[in-house]
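Chain and residue survey
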Amino acid sequence: MSCAQISVLFVLMYRLIHALSPVSLYELTMGLFWDIIQQGQIDEQKTKAASLEERIEHLENELRNTQELLNKTLHVLEEHVGKDIDGDGRTG
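Okay, so let's go over this structure. Since the model is a prediction, treat every value here as computed from it, not as a measurement. (Residues numbered from 1 in each chain as written. Predicted model: local features only at pLDDT ≥ 70, side-chain atom pairs only at ≥ 80, totals over all residues. Heavy atoms only, no water.)

Quick look at the overall build of the protein chain
Here is the rule: Secondary structure elements are defined from DSSP: runs of H or I of at least 4 residues count as helices, runs of E of at least 2 residues count as strands, and each element is numbered from the N terminus. Each residue's exposure class comes from its accessible area (1.4 Å probe, protein chains only) as a fraction of the maximum for that residue type: buried when under 20%, exposed when over 50%, partly exposed otherwise. Contacts were defined at the residue level, with two residues in contact if any of their heavy atoms lie within 4.5 Å. Note on areas: Shrake-Rupley with a 1.4 Å probe; residue coverage comes only from the protein chains shown.
From N to C terminus, the protein chain includes 2 helices and 0 strands. Within the protein chain, the fraction of its 92 residues that count as buried is 7%. In the protein chain, of all internal contacts separated by at least 6 residues, the share reaching a separation of at least 24 is 13%. Carbon and sulfur atoms form 61% of the exposed surface of the protein chain, whose accessible area is close to 7,800 Å².

This is the structure in structure tokens:
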């Protein structure tokens, strides 16, 4: 939740508090504060989840690229040395 949204909520809360009787003032205030806190937590979790999914995807791509490079390097090394290094029964 942005600062502007929070500011608008506080202005609305202020107007509502002055329009209501003192009996429900506490309940209204606590309810609104709780809603703001929960919305902030929900937004934060969504951001974390999205960034975590992006990070996992990036790491999976990097792993795949590293494995491909390792296989190519091993192939070239086996051809250069003339020996089966990885134990697959083939040279190169």
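Looking at a nonpolar patch on the surface
The line we're drawing: For patches, a residue must show more than 30% relative accessible area and have no salt bridge; joins then use 9 Å for like charges and 5 Å for nonpolar side chains, namely Val, Leu, Ile, Met, Phe, Trp and Tyr. What makes a salt bridge here is a side-chain nitrogen of Lys or Arg within 4 Å of a carboxyl oxygen of Asp or Glu, nothing more.
Among the surface-exposed residues, Leu 77, Val 81 and Ile 85 lie close enough to one another that they form a single nonpolar patch of about 240 Å² accessible area. Here Leu 77 is to be found in helix H2 (residues 22-81). Overall, the relative accessible area of 39% leaves Leu 77 in the partly exposed class.

Considering a negative patch on the surface
Note the following rule: Within this scheme the basic residues Lys and Arg register as positive and the acidic residues Asp and Glu register as negative, but His and the chain ends are omitted. For charged residues, the charge sits on one atom: NZ in Lys, CZ in Arg, CG in Asp, CD in Glu.
Negative charge collects at one region of the surface, where Glu 53, Glu 54, Glu 57 and Glu 60 lie side by side. Structurally, Glu 60 can be placed in helix H2. Exposure remark for Glu 60: the relative accessible area of 46% places this residue in the partly exposed category.

Considering the pattern of salt bridges
Using the criterion set out here, one finds 1 salt bridge in the structure. In this structure, Asp 88 and Arg 90 form a salt bridge, with 3.4 Å as the shortest nitrogen-oxygen distance. For Arg 90, a relative accessible area of 54% gives the class exposed.

Observations concerning the environment of Val 81
Along the chain, the position of Val 81 falls in helix H2. You can call Val 81 partly exposed: its relative accessible area is 44%. Distance in space between the C-alpha atoms of Val 81 and Thr 91 is 8.8 Å, their sequence separation being 10 residues.

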